[in-house]
Amino acid sequence: MEIQAYALTDVGLSRSMNQDFIYASTAPLGSLDNLFIVADGMGGHNAGDFASRFVVENLVKFFSQEYPDKDVHGILKEGIRKVNRELYEAASRKAELHGTGSTLVLATIRGTVLYVANIGDSRLYLLRDELMQVTRDHSYVEEMVAMGKMKRGSRDYMEKKNIITRAVGTSMDVDTDLYATKLRPGDVILMCSDGLSNMVDEFEMEYIIRSEDGLQKKTESLVEAANRGGGKDNISAILIDPQMKEVSV
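Given the structure is predicted, the values throughout are model-derived calculations rather than measurements. (Residues numbered from 1 in each chain as written. Predicted model: local features only at pLDDT ≥ 70, side-chain atom pairs only at ≥ 80, totals over all residues. Heavy atoms only, no water.)

Trainee: For the side chain of Ser139, give the residues involved together with the corresponding values.
Mentor: Looking at where Ser139 falls in the secondary structure, it is placed in the loop between strand 8 (131-133) and helix 3 (140-146). Classification of Ser139 as buried rests on a relative accessible area of 1%. When sequence neighbours within four positions are dropped, the list of residues in contact with Ser139 reads Lys161, Ile163, Ile164 and Thr165. (Helix = DSSP H or I, 4+ residues; strand = E, 2+ residues; numbered from the N terminus. Buried < 20%, exposed > 50% of the residue type's maximum accessible area, 1.4 Å probe, protein only. Contact = heavy atoms within 4.5 Å.)

Structure below.
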């Protein structure tokens, strides 16, 4: 099994700076067999750019070490805990970085299992029989929807959907959602920032991913669709084909 992946980030049509930062490696990194990250920074001026880059580069540095005594979720949780604290401390030392933070969606595959970590509203989808959102947004509107106080897609929802309730680096500690999913033959994984998911509906995403194009062209088409839809934010997408094979018993 040889995993294939393609990653792309784009400034979009409205922003002057790209505050998204991405990483994709199909090669082993420390104790992980591969690693994929999307981070979407927040904060004025250069603060968001600083935060997303800080998170990705320091996570990659952490995961580059061997951790033979930890399981995959243990490695992910420890790395995120450490980098969250480091970003919080770095931001608290500079007035221009005060309050900065970043979303994070991270994935790694070991054997037939997809391991995911998520903070904020960057997403991971799994295309199987249909396109399914695996992660859950840590946003004000999704919390309101969960409590039955808001309807998804309503005007109020659309106006407040950018308010996130959890981010890396905004406090000394952060809660990380962790997922583990057994992969099947034919599965394709999409990771993205909200610059894609806010501009392109899931039907169009699925249509693009199911096309006969290669991974690079599909990823480029997703970014193009987000820009066509308005390109109001930075756009990041990583497409991963785990190349799962049917196993005969």
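Trainee: How would you explain the packing of helix 1 (residues 47-63) against helix 2 (residues 72-92) if you had to name every residue and give the values?
Mentor: Direction vectors running N to C along helix 1 and helix 2 enclose 140 degrees, while the axes themselves pass 9 Å from each other. By the angle class used here, helix 1 and helix 2 are oblique. In the crossing of helix 1 with helix 2, the sense of the turn from one axis to the other is right-handed. Across from Phe50, Ala51, Phe54, Val55, Asn58, Leu59, Phe62 and Phe63 in helix 1, the residues of helix 2 making contact are Ile75, Leu76, Glu78, Gly79, Ile80, Lys82, Val83, Glu86, Leu87 and Ala90. (Axes fitted to C-alpha atoms, helices over the stretch in contact; angles between N-to-C directions. Parallel < 35°, antiparallel > 145°, perpendicular 65-115°, else oblique. Left-handed = near helix turned anticlockwise from the far one by under 90°.)

Trainee: Report on the nonpolar core, specifying residues and quantitative values.
Mentor: In terms of nonpolar packing, the biggest core is built from 29 residues, with Leu35, Ile37, Leu59, Phe63, Leu76, Leu104 and Leu106 touching the most fellow members. If one sorts the elements of this core by residue count, helix 1 sits on top with eight residues. If we skip the residues at most four places from it in the chain, Leu59 touches Ile37, Gly79, Ile80, Val83, Leu104 and Leu106. (Core = buried A, V, L, I, M, F, W, Y, C linked by side-chain atoms within 4.5 Å.)

Trainee: With reference to specific residues and values, describe the packing of aromatic side chains.
Mentor: All told, the structure shown has three aromatic pairs when counted by the stated rule. When the ring of Phe62 is compared with that of Tyr67, the centres are 4.7 Å apart and the planes differ by 15 degrees; the resulting orientation is stacked. Chaining the aromatic ring pairs together yields one cluster made of Phe62, Phe63 and Tyr67. (Phe/Tyr/Trp six-rings, centres within 6.5 Å; stacked < 30°, edge-to-face > 60°.)

Trainee: Describe the pattern of salt bridges, and please don't skip the residues or the numbers.
Mentor: Counted according to the given criterion, the structure contains 13 salt bridges. Glu78 is paired through a salt bridge with Arg81; the nearest N and O atoms lie 2.9 Å apart. Within this pair, Glu78 and its partner Arg81 are both found in helix 2, separated by three residues, close to a single helical turn. Across the pair Arg85 and Asp173 runs a salt bridge, and its minimum N-O distance is 2.6 Å. Placement of the pair is Arg85 in helix 2 and Asp173 in the loop between helix 4 (155-160) and strand 9 (177-182), with a sequence separation of 88 residues. We classify Arg85 as partly exposed; its relative accessible area is 28%. Linked by salt bridges that have partners in common, Arg123, Asp137 and Glu202 make up one network. (Salt bridge = Lys/Arg side-chain N within 4 Å of Asp/Glu carboxyl O.)

Trainee: Any details on the sheet that holds strand 8? Residues and values, ideally.
Mentor: Pairing is antiparallel across the open sheet formed by five strands, whose spatial order is 1-11-10-7-8. Because the sheet does not close on itself, it has two edges, and the strands there are strand 1 (4-10) and strand 8. With direction set aside, neighbouring strand axes in the sheet form an average angle of 20 degrees. Packed onto the sheet, helix 7 (residues 215-228) meets strand 1, strand 10 (188-192) and strand 11 (235-241) and runs at close to 25 degrees relative to strand 1. (Pairing = 2+ DSSP bridges.)

Trainee: A description of the side chain of Thr135 should follow, citing residues and the corresponding values.
Mentor: Here Thr135 shows up in the loop between strand 8 and helix 3. Taking the relative accessible area as the measure of exposure, Thr135 reaches 4% and is therefore buried. A polar side-chain atom of Thr135 sits 3.1 Å from the main-chain amide nitrogen of Leu124. In contact with Thr135, other than residues within four places in its own chain, are Val105, Val116, Asn118, Ser122, Arg123, Leu124 and Tyr179. (Polar contact = N/O pair within 3.5 Å; in protein donor to acceptor, adjacent residues only side chain to side chain.)

Trainee: Before we move on, can you summarise the environment of Arg110 with the specific residues and values?
Mentor: Relative to the helices and strands, Arg110 resides in strand 5 (residues 104-110). Here Arg110 falls in the partly exposed class, since its relative accessible area comes to 33%. Put simply, Arg110 and Thr170 are 60 residues apart on the chain and 31 Å apart in space, counted from C-alpha to C-alpha. In this view, Arg110 contacts Ser31, Asp33, Val72 and Tyr115; residues no more than four positions away in its chain are not counted. Polar contacts involving the side chain of Arg110 include one to the main-chain carbonyl oxygen of Ser31, which spans 2.6 Å.

Trainee: Tell me about helix 2, residues and numbers included.
Mentor: Taking 1.5 Å of rise per residue, the 21 residues of helix 2 would be expected to cover 30 Å, and the 30 Å separating its terminal C-alpha atoms lies within 8% of that figure. Among the residues making up helix 2, those that are buried are Val72, Ile75, Leu76, Gly79, Ile80, Val83, Asn84, Leu87, Ala90 and Ala91. Axial view of helix 2: buried residues confined to an arc of 155 degrees, hence all on one face. Those residues of helix 2 that are buried are in contact with helix 1, strand 4 (101-102), strand 5 and strand 6 (113-119). (Expected span 1.5 Å × (residues − 1). Arc of directions from axis to C-beta.)

Treat this as a map of the structure, not an account of what it does.
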